[in-house]
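Working through the structure, step by step
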Amino acid sequence: NVSHNYYAAAPKGVGDLLAAELGALGALDMRQQGTGVAFGGSLEIGYRACLWSRLASRILLRLAEFPAPTVEALYAGVQGIDWAEHLDPAGTLAIEFVGSGRQIRNSHFGALKVKDAIVDQFRAAHGQRPSVDLERPHLRVHARLDRDHVQLSLDLAGQSLHRRGYRSQTGPAPLKENLAAAILLRAGWPDVAAAGGALVDPMCGTGTLPIEAAWIAGDCAPGLLRDYFGFTNWLGHVPKMWHRLRDEALTRRAAG
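Rules of the game
Residues numbered from 1 in each chain as written. Predicted model: local features only at pLDDT ≥ 70, side-chain atom pairs only at ≥ 80, totals over all residues. Heavy atoms only, no water. Core = buried A, V, L, I, M, F, W, Y, C linked by side-chain atoms within 4.5 Å. Buried < 20%, exposed > 50% of the residue type's maximum accessible area, 1.4 Å probe, protein only. Helix = DSSP H or I, 4+ residues; strand = E, 2+ residues; numbered from the N terminus. Contact = heavy atoms within 4.5 Å. Pairing = 2+ DSSP bridges. Salt bridge = Lys/Arg side-chain N within 4 Å of Asp/Glu carboxyl O.

For the rest of this paragraph, the subject is the nonpolar core. Formed by 65 residues in total, the largest nonpolar core has its most connected members in Trp 83 and Val 141. Among the elements that make up this core, the one with the highest residue count is helix 2 (residues 43-52) (seven residues). Beyond its immediate chain neighbours, meaning those up to four positions away, Val 141 contacts Trp 83, Leu 93, Ala 94, Ile 95, Glu 96, Val 114, Ile 118, Leu 152, Ser 153 and Leu 154. Membership of the second largest hydrophobic core comes to seven residues, among which are Trp 189, Ala 193, Ala 213 and Ile 216.

Here we take up the environment of Gly 127. Mapped onto the secondary structure, Gly 127 falls in the loop between helix 4 (107-126) and strand 6 (131-132). On the basis of relative accessibility, which here comes to 62%, the residue Gly 127 falls in the exposed class. Along the chain, Gly 127 and Gly 236 lie 109 residues apart, while their C-alpha atoms are 22 Å from each other.

Bridge count for strand 1 (residues 4-9) against strand 3 (residues 36-41) is five bridges, and the pairing is antiparallel. Counterpart to Tyr 6 in the pairing with strand 3 is Phe 39. Examined bridge by bridge, strand 1 and strand 4 (residues 58-67) share four bridges and lie antiparallel to one another. Following the sheet pairing, Tyr 7 is matched in strand 4 by Leu 60.

One pass over the full model with this rule turns up 17 salt bridges. The salt bridge partner of Glu 96 is Arg 58, with a shortest N-O separation of 3.6 Å. On the criterion of sequence distance, the pair formed by Glu 96 in strand 5 (residues 92-99) and Arg 58 in strand 4 is long-range, its members being 38 residues apart. By relative accessible area, which is 18% here, Arg 58 ends up buried. Salt-bridge contacts for Asp 120 lead to Arg 123; the nearest nitrogen and oxygen are separated by 3.1 Å.

Here's what the structure looks like:
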């Protein structure tokens, strides 16, 4: 039951709500960082956050932190991880890189260097390398460079968690689902719903607020309809645990 360090990214202004939500899911050692929340916990807590967080946009599992004042230091730091523990050599990969430093001035260059370090390691050890898939990779790696210091993580969500899976298309100026949930939570909707109260949305465009409100009232996990998570093909994935959590969520939805 290994403990991991996580970071949940979220829209601006919802950090306190997110911390409360993660705490209810069993997250430990929570602290607000930037617009999101850093926390600790088992792999199950990471899965629960992916399945149940109405507010987070990403759940990142921290792999390593290291100083990267130079391009060489970034490359060496990334190579310090045994990537064969996380990805099959024939798998697919995507890199997201945010931030800049003295030598790494833009995110595209930073992402390229991270990718090079990973594929070079595979090529040297296995004679083949993963290919790049930006849409639905087997592994999405997230690198954050701040003041010449890198935080390297796996993106467990794989793509933004506001994509619940119930919308086939969006209307003009859509309200993101996790922001709609934040508005409802800030307004005290769970208590109103539990007491039998009603919700009126006079600005109902594509229905995001009423749908999110119904899911909250009906105890429906926001990740239940998604057909893709970033951890699905990660070699550290424990399908049995994930299926148990999904079954539990289905039971709760039926009851709700």
